[in-house]
Amino acid sequence: MNGWTGKVLRVNLTEGSVAIQDLDLETVSLVMGGRGLGVKILCDEIDPKANALEAHNKLIFATGPLTGTGAIASALCSVTTKSPLTGGIACASVLGNFGAELKFSGFDAIIIEGKSKFPVYLSIMDDKVRLLPALHLWGRTTTYTEKLIKAEMGDLWKAREMCIVSIGPAGEKIANIASLVHEDFMAFGGSGLGAVMGTKNLKAVAVRGTKGVKVAHGNRFLLNTSHLLKRIEKDPLISEKVRNLGTTFLVETLHQMGFLPSKNFQAAVFNGIKNVDSQALARSILCGHRSCLACPMACLKTTETKKPPFDGKGTGLDYNTIAMLGPNLGIDHLLAIAKAYYLCVQLGIDPISVGAAIATATELYEKGILSELDAGQSFRFGKSENLIPLINLIGEGNGFGCILGTGAFRIAKDYEHMESFMGAKGRELPPYDPRGIQGMGLHFATSNSGAYHLDGFTVIDEVLGIHGEPHPLETEGKAWKVKLFQDLTAVLNAMGICPLSLMCIWIDDMVTMVNDVLETHYEVDDILKIGERIWNLERLFNIKAGFTGADDTLSERLLSEPIPDGPAKGSILHLDKLLPEYYRLRGWNEQGIPTEEKLKDLGL
Ligand code: SF4
């Protein structure tokens, strides 16, 4: 079968059983695969109102038809579930080689259901699928877990090819901000997936396969891919910036424009910016570059800090982590930020969520709402010595770490000061000030996963100006652009392509790749319609879970207080203007509910 293995693995942890099913081709024709497949299965099989941390919830690992084919950036495996952080749909992206290896083992997707009585890990070695005891892995860091599982394989060569997704101690402690880790870097899009895996007593999923993926028009596919590679090679954004610095160049870009938040979005000017920007990183700790399978962008940077107590090494330190653990906490100590990131990876904690939780606690402390007695320590913006002990506390689930692990939204709610939470639908805002970048503001307010940037990363156009002049502060045409990026990213994820690839490929490239692999005759509109269908399915899941149009909003500060300083001083988000236009373009009613007509048009 072109692009697919045709098989789905269903694992029931309660019964300790595994079953192999056929891939539903009708579903695939509606929603492609990956994120679309995960969302469709979740909508069909779980009650959206159910508690995300109970056995009823499911985890769906799903590849797309391009995963493992060698198409540009085709490394993505989506993991979909109901989020304990937002109570709505959540979809993370595991990159590296995991998705391809899953395909090579003979499966397009894994549906994980139920809850094991004791810790286990799932081992898939081609057709040999086993649930193995993981008591000896429980409490271990993610790196150590990967090492131990590989050592158990016995055969060193086979172990090298094995790909593992695991949780760290934070997931075992059911911290809402726990994430999945693979090959020593975080899955994109936290949202508490680590806690869902932890509550199921599932420590890891290990895969290795020796099969291939069939491509319909092999020669044409190779030719088109090589043309695309040549074009990307000449792209200065990729060759000069992304390959050398990853996304860390955004530290200075966004700060210069006034959109990099500082001190929990209370400022946009950060005096220590030169100590944490990409040049500082390149001068001091950058030591290598890594790429996921078939990706010419190589955006993953390896860094090493040699000076105790910050010594360590890791991959994946990026703009989001530096901004959230640095300026947004008032910290300009790059070594402390890097060490904090390594620790997040080891413990399986999402660094964006950690930065936001500590920022909220710090604001509450500085305003006299959170006391030293409650927190067990003092908090101050700029206090880098706090960072590592606090992350350790979250991982251990000890003391105030337990509270921080619930995430910024619950901290603000518990202390009855919601103005200290920066986010949407219970999820923390990544470091792109929505008062300045209007499209991102609308996207954060309407995103089905809460404030998750990569589901509609209009920064690519609004800030980087890839398809024309940058225009962050304008509202004209932004509702249309947001819808386009949201639908496009949904179908990109469904194909198995990394969302960051939108920095160098566009819709027509996606159409060519998928038609070459599947022998289909999709046109641009067909592809966008699949993305729109996925977006609406997610929306329907959230509506059934209890969300309404009133949840399409952002924290009060971001709506009522202008950016206080810097180049974008005085900017506010014009959500009142953007949202009705967005609903109209989506074919939703004034309450943000998809109309019968729209659902019929989408075949839902
Ligand atoms: S852009 Fe970066 S994260 Fe995405 S596939 Fe390429 S190397 Fe991996």
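Residues numbered from 1 in each chain as written. Predicted model: local features only at pLDDT ≥ 70, side-chain atom pairs only at ≥ 80, totals over all residues. Heavy atoms only, no water.

**Q** How should I be thinking about the sheet that holds strand β12 (residues 202–208) in this particular structure?
**A** Taken in spatial order, the 6 strands of this open sheet run β8-β7-β12-β9-β10-β11, and their pairing is mixed. The sheet is open, and its two borders are formed by β8 (128–133) and β11 (185–186), each paired with just one other strand. Bridge count between strand β7 (residues 120–125) and β12: 6 bridges; the pairing is parallel. For V120, the partnering residue across the bridge sits in β12 and is L202. (Pairing = 2+ DSSP bridges. Helix = DSSP H or I, 4+ residues; strand = E, 2+ residues; numbered from the N terminus.)

**Q** In this structure, what is going on with unusual backbone geometry? I would like to understand it.
**A** Glycine aside, residues mostly have negative phi, and peptide bonds are mostly found in the trans state. The omega torsion of the bond from P308 to P309 falls at 5°, within 30 degrees of zero and hence cis. Mapped onto the fold, P309 is located in the loop between β14 (300–305) and β15 (312–315). One non-glycine residue with positive phi stands out, namely D184, at about 70°. Checked against the element boundaries, D184 lands in the loop between β10 (181–182) and β11. You will see that N201, though not glycine, has its phi angle at about 60°, which is positive. On the basis of relative accessibility, which here comes to 14%, the residue N201 falls in the buried class. (Buried < 20%, exposed > 50% of the residue type's maximum accessible area, 1.4 Å probe, protein only.)

**Q** What's the story with the domain arrangement of the protein chain in this structure? I'm lost.
**A** When the parts of a complex come together, some accessible area is lost, and that lost area is often used as the size of the interface. Segmentation of the protein chain into domains returns domain 1 (7–208), domain 2 (241–427) and domain 3 (434–503 + 523–601). Taking the mean C-alpha position of each, domain 1 and domain 2 sit 26 Å from one another. With 35 residues of domain 1 at the interface, the matching set in domain 2 holds 31 residues. Summed over both sides, the interface of domain 1 with domain 2 buries roughly 2500 Å², with 59% coming from carbon and sulfur. The three residues of domain 1 that bury the most area against domain 2 are L85, I177 and M186, which together make up 25% of that side's buried surface. Taken together, the connections running from domain 1 to domain 2 amount to 1 salt bridge. The shortest N-O distance in the salt bridge between E183 and R290 comes to 3.4 Å. Linking domain 1 to domain 2 there are 16 residue pairs in polar contact (both at pLDDT 80 or more). Breaking the side of domain 1 that touches domain 2 down by element, the ones donating at least two residues are α4 (142–152), α6 (169–172) and β11. For the side of domain 1 that touches domain 2, the leading source of residues is α6, giving 3 residues. By residue class, the composition of the side of domain 1 that touches domain 2 is 16 nonpolar, 16 polar and 3 charged. (Domains from an automatic or database assignment. Contact = heavy atoms within 4.5 Å. Buried area = accessible area lost by both parts, 1.4 Å probe. Salt bridge = Lys/Arg side-chain N within 4 Å of Asp/Glu carboxyl O. Polar contact = N/O pair within 3.5 Å; in protein donor to acceptor, adjacent residues only side chain to side chain. Nonpolar A, V, L, I, M, F, W, Y, C, P; charged D, E, K, R; others polar.)

**Q** I tried to follow the side chain of S123 on my own but got confused; where do I start?
**A** Within the secondary structure, S123 sits in strand β7. Not counting residues within four places of it along the chain, the set of residues in contact with S123 comprises K128, V129, R130, L132 and A206.

**Q** Where do I start with the site of the ligand in this structure?
**A** Taken together, L95, F188, C292, C295, M297, C299, C498 and L500 make up the full set of residues adjacent to the ligand. Its residues assigned to classes, the shell around the ligand comprises 8 nonpolar, no polar and no charged. (Near = heavy atom within 4 Å.)

**Q** Explanation requested: the sheet that holds β15 in the structure shown.
**A** Within a sheet, each strand pairs with its neighbour through backbone hydrogen bonds, oriented either parallel or antiparallel. In space, the 3 strands of this open sheet follow the order β13-β14-β15, with antiparallel pairing throughout. What marks the edges here is a single partner per strand, and that holds for β13 (286–290) and β15. Shown here is a sheet whose adjacent strand axes are inclined to one another by a mean of 15°, direction ignored. The pairing of β14 with β15 spans 4 bridges and is antiparallel. Looking across to β15, one finds that T303 is bridged to G314. Lying over the sheet, helix α9 (residues 236–245) contacts β13 and β14, oriented at roughly 45° with respect to β14. Along the sheet face, helix α14 (residues 334–347) touches β14 and β15 and points at about 115° away from the line of β14. (Axes fitted to C-alpha atoms, helices over the stretch in contact; angles between N-to-C directions.)

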